[in-house]
Each structure stands twice: as C-alpha cells, then as structure tokens.
Amino acid sequence: KRLGDPWANWLTLLLPELSALRPGVEPPENVQPVEVRQNIYEALRHLLLQIAHQQRVLFFLEDAQWCDEATLGALTYLVERDFFKDHGLLVIAVRTEDCKKRLESFFRHPRLSAMAENVRLPLFNREQVAALVQFALGETPPAELVDRLQQDTGGNPLFLLETLRVLLDTAELHNWSQWSGRMP
C-alpha cells in the first residue's frame, strides 16, 4: 500500500489484481516494449525496498533451473543495484544437472560471483540413507527398504526426504517390519 502509484502502475502488468486492490492504479498505456521490462524491474526493486524498510529480505528462489529469462533478468537487475548486499539475502536452490545456459550465465555475473557462496550438497551414500531412514522411523530399517530408497532417490537428500514424508503420511512405513519388499 505504501508503494508509489507510478511503480504500482508498472506492477499491474505482472499483477492485474492491483487495479482492484488500489483504486487509481492502472497499467501504463502507450509504452514502448523496450521500456516495459526495465520499468517493471525498477518497480520490483522499489517494492522490495518498501518491504526491506522494516526488516531485511530473505529471497529464496527454489528450482532455479526452471527460471525464465525475465526472472533471471529481474534478479540480475537487483544484483547489479546491490539490493541483496544492502537489504537482504538471496538464496538460490538449483539442480545443477538440469542447469540451463542462461542460468549458468547468471551465476557467472561478476557482482553475483563476488558476493556468492556456492554450497554443493552431495548425494547420500547407502549408509547416510540408512541413517536418515532410521532417524525418521526411530528404529533400524530393513536393508531392503534402504536399498530401494537408495535406488529410487539416487541418494538425493530432497528426494529421499520427500519420499519418506509421503510413505510416512500414507502409513506405508508405519508397519515397516512387515514390509514386503515393494515400494508403493
């Protein structure tokens, strides 16, 4: 609500419902395509500055491998203007095996690489899978279950946790001692 009307007008191109929420806020008319993206990026920066006025911003981008050019362009715009350096933290989660060229280019940006820390999460080995499953169950899991989870998730910690969550939520692991050797 505190965002100035000129910036809110540009954001209606992304969020048309702003016109209904704020009377008088309307999308700009008769603008050149080249100025649209730049002004939307600047409007986004002003919006985030309003949010960061009270507290620092944690901006978490998950599954960045699927980002489009416009999203990466907006992040580049914010990085080039030191938004995250001065007002918050940018965390990007990406599956590097699915990384697209435009995302690799984004990560090579000089300002981003100067302030970034790259943390790679290795795949879990069988023993680590067994330890996590034991923690989730509260007791030692059967070897067949560990082997199957290792095979099905490839040791990816996220996939492993999500698979365990689904199996526990659906009561597939509650009676794991009677587990028949087949996964749902």
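That block above? That's the structure.
How each quantity is defined
Residues numbered from 1 in each chain as written. Predicted model: local features only at pLDDT ≥ 70, side-chain atom pairs only at ≥ 80, totals over all residues. Heavy atoms only, no water. Helix = DSSP H or I, 4+ residues; strand = E, 2+ residues; numbered from the N terminus. Rg over C-alpha atoms; globule rule 2.2 N^0.38 Å. Buried < 20%, exposed > 50% of the residue type's maximum accessible area, 1.4 Å probe, protein only. Contact = heavy atoms within 4.5 Å. Areas by Shrake-Rupley, 256 points an atom, 1.4 Å probe, with all protein chains shown as cover. Lys, Arg positive; Asp, Glu negative; His and termini not counted. Charge placed at Lys NZ, Arg CZ, Asp CG, Glu CD. Core = buried A, V, L, I, M, F, W, Y, C linked by side-chain atoms within 4.5 Å. Axes fitted to C-alpha atoms, helices over the stretch in contact; angles between N-to-C directions. Left-handed = near helix turned anticlockwise from the far one by under 90°. Nonpolar A, V, L, I, M, F, W, Y, C, P; charged D, E, K, R; others polar. 1 Å grid on protein atoms, 1.4 Å probe; cavity = no way out; pocket = protein on both sides within 12 Å on 5 of 7 lines; lining within 4 Å. Points joined across faces, edges and corners; volume = space filled by probe spheres on them.

Enquirer: Tell me about the overall build of the protein chain, and name the residues and values.
Expert: When you go through the protein chain residue by residue, the secondary structure sums to 10 helices and 2 strands. Start at the N end of the protein chain and walk to the C end: the helices and strands fall as α-α-α-β-α-α-β-α-α-α-α-α. A compact globule built from 184 residues would reach a C-alpha radius of gyration of about 16 Å, whereas the protein chain, at 23 Å, exceeds it by more than 25%. Here the C-alpha coordinates of the protein chain stretch approximately 65 × 40 × 30 Å along the principal axes. Put simply, the protein chain has 184 residues, and 32% of those count as buried. Contacts spanning at least 24 positions in sequence make up 63% of the contacts within the protein chain whose residues lie at least 6 apart. Only carbon and sulfur atoms are counted for the fraction: they give 53% of the accessible area of the protein chain, which is about 12100 Å². Treating the 19 positive side-chain charges of the protein chain as one cloud and the 25 negative ones as another, the clouds have centres 4 Å apart.

Enquirer: Tell me about the nonpolar core, residues and numbers included.
Expert: Counting residues in each nonpolar core, the largest one holds 17 residues, and the members touching the most others are Leu 75, Phe 83, Phe 84, Leu 90, Leu 103 and Phe 106. For this core, the element with the most residues is helix 4 (residues 69–80), which contributes 4 residues. If we ignore the near neighbours within four places in the chain, the residues touching Leu 75 are Phe 59, Leu 61, Phe 84, Leu 90 and Phe 106. Grouped together as the second largest cluster of nonpolar side chains are 11 residues, Leu 132, Val 133, Val 146 and Leu 164 included.

Enquirer: Tell me about the packing of helix 8 (residues 126–137) against helix 9 (residues 143–153), and please be specific about residues and values.
Expert: For any two helices packed against each other, the geometry comes down to the angle between their axes and how far apart the axes lie. Where helix 8 contacts helix 9, the axes come no closer than 9 Å and their chain directions differ by 115°. The way helix 8 lies across helix 9 gives a crossing that is right-handed. Where helix 8 approaches helix 9, its residues Arg 126, Val 129, Ala 130, Val 133 and Leu 137 are matched on the opposing element by Ala 143, Leu 145, Val 146, Asp 147, Leu 149 and Gln 150. Of the residues that constitute the contact of helix 8 with helix 9, the class distribution is 8 nonpolar, 1 polar and 2 charged.

Enquirer: A description of the layout of surface pockets should follow, citing residues and the corresponding values.
Expert: Volume-wise, the largest pocket comes out at about 1300 Å³. Taken together, 35 residues form the lining of the largest pocket, with Ile 92, Ala 93, Val 94, Asn 118 and Val 119 sitting closest to its centre. Breaking the lining of the largest pocket down by element, the ones donating at least two residues are strand 2 (88–92), helix 6 (101–107), helix 7 (110–115) and helix 10 (157–169). Of all the elements, strand 2 adds the most residues to the lining of the largest pocket, at 5 residues. Here the lining of the largest pocket is built from residues that sort into 22 nonpolar, 6 polar and 7 charged. If you add up the space inside the second largest pocket, you get close to 220 Å³. Taken together, Leu 14, Val 36, Arg 37, Ile 40, Tyr 41, Leu 44, Phe 59, Ala 70, Thr 71, Ala 74 and Leu 75 form the lining of the second largest pocket. Mapped by element, the contributors of at least two residues to the lining of the second largest pocket are helix 3 (33–52) and helix 4. The leading source of residues in the lining of the second largest pocket is helix 3, at 5 residues. Here the residues of the lining of the second largest pocket sort into 9 nonpolar, 1 polar and 1 charged.

In short, the description is geometric, and any link to function would need to be established separately.
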